[in-house]
Amino acid sequence: MSPLHFLLCLCLSSSAPHPPADRWIAQDKLRHFVSSFVVTSLSASAARAAGADPRSSAIIGAGVGVAAGAGKELRDLFAANADPSLKDLAWDLAGDGAGFALMRQVR
């Protein structure tokens, strides 16, 4: 085997797979946004159905949404093969904010 073949084999076999890049715009980020939006909206709707006023129900929904997103990232922080991401958390917060804004408009 020539030195060039040997070097090529080393380059191809010794590199561990790289984790996927954590981009700001990705399908995963859309899932974080939508999930947080839904959790916030449903939680606020449940609080409203339970008798809370519109402002309080929106705050309750936002609190539940933020807790769910932060909890998921904390779980990723301590899981063996998961990667926590501040970008995921930012998209969670954006979804929470959108859900909160929508629920503040409901009377």
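Definitions and cut-offs
- Here the residue numbering is sequential within each chain, running from 1 through the sequence in written order.
- Local features are withheld for residues below a pLDDT of 70 in this predicted model, meaning they are given only at 70 or higher, and side-chain atom pairs are given and counted only at 80 or more; totals for whole chains, interfaces and linings count all residues.
- As a rule here, side-chain values cover all heavy atoms of the structure and leave hydrogens and water aside.
- Criterion for a salt bridge: a side-chain nitrogen of Lys or Arg within 4 Å of a carboxyl oxygen of Asp or Glu.
- Segments assigned H or I by DSSP are reported as helices when at least four residues long, segments assigned E as strands when at least two residues long, and all are numbered from the N terminus.
- By this rule, a helix spans an expected 1.5 Å times one less than how many residues it contains.
- The term polar contact refers here to a pair of N or O atoms within 3.5 Å; inside protein, the definition further demands a hydrogen-donor-capable atom paired with an acceptor-capable atom, and it admits residues adjacent in sequence only when both atoms are side-chain atoms.
- Axes here refer to lines fitted to C-alpha atoms; in helices the fit is confined to the stretch in contact. Angles between the N-to-C directions go from 0 to 180 degrees.
- Any angle that is under 35 degrees is reported as roughly parallel, and any over 145 degrees as roughly antiparallel; angles of 65 to 115 degrees are reported as roughly perpendicular and all others as oblique.
- In a left-handed crossing the near helix is turned counterclockwise from the far helix by less than a right angle, and in a right-handed crossing that turn is clockwise.
- The contact rule is simple, with two residues in contact once any of their heavy atoms fall within 4.5 Å.
- Residues are sorted three ways: Asp, Glu, Lys and Arg are charged, Ala, Val, Leu, Ile, Met, Phe, Trp, Tyr, Cys and Pro are nonpolar, and all the rest, Gly among them, are polar.
- For every residue, the predictor assigns a confidence score, pLDDT, that lies between 0 and 100.
- Exposure is judged per residue with a 1.4 Å probe applied to protein chains only, and the accessible area is read against the type maximum: over 50% gives exposed, under 20% gives buried, and values in between give partly exposed.

### A few points about the pattern of salt bridges
Inference 1: Applying the stated rule across the entire model yields 5 salt bridges.
Inference 2: Among the ionic pairs, Lys-29 bridges to Asp-28, the shortest N-O distance being 3.4 Å.
Inference 3: Between Lys-29 and Asp-88 there is a salt bridge, and its shortest N-O distance comes to 2.5 Å. Remark: Asp-88 occurs in helix H4 (residues 86–105) and Lys-29 occurs in helix H2 (residues 27–49); sequence separation between them is 59 residues.
Inference 4: Among the charged side chains, a salt-bridge network with shared partners connects Asp-22, Asp-28, Lys-29 and Asp-88.

### Re H4
Inference 1: Along its 20 residues, H4 runs 29 Å from first to last C-alpha, staying within 8% of the 28 Å computed at 1.5 Å per residue.
Inference 2: Where H4 begins, the capping side chain belongs to Ser-85, and its oxygen is found 3.2 Å from the backbone nitrogen of Lys-87.

### Concerning the packing of H2 against helix H3 (residues 54–78)
Inference 1: Taken N-terminus to C-terminus, the directions of H2 and H3 make an angle of 140 degrees; their axes are 7 Å apart at the nearest point. The orientation of H2 relative to H3 falls into the category oblique. Seen along the crossing, H2 lies across H3 with a hand that is right-handed. Here H2 contributes His-32, Val-39, Thr-40, Ser-43, Ala-44, Ala-47 and Arg-48 to the contact with H3, which in turn contributes Pro-54, Ser-57, Ala-58, Ile-60, Gly-61, Ala-62, Val-64, Gly-65, Ala-68, Lys-72 and Glu-73.
Inference 2: Of the residues in the contact of H2 with H3, the class split is 9 nonpolar, 6 polar and 3 charged.

### What about the confidence of the model for the protein?
Inference 1: Summary statistics for the protein give a mean pLDDT of 85 and a share of 81% for residues scoring 70 or more.
Inference 2: Of all secondary-structure elements in the protein, the lowest mean pLDDT belongs to helix H1 (residues 3–14), at 52, while H2 reaches the highest, 95.

### Thoughts on H2
Inference 1: For H2, built from 23 residues, the straight-helix expectation of 33 Å at 1.5 Å per residue is met to within 8% by its first-to-last C-alpha distance of 33 Å.
Inference 2: All of the buried residues along H2 are Lys-29, His-32, Ser-36, Thr-40, Ser-41, Ser-43, Ala-44 and Ala-47.
Inference 3: Elements that come into contact with the buried residues of H2 comprise H3 and H4.

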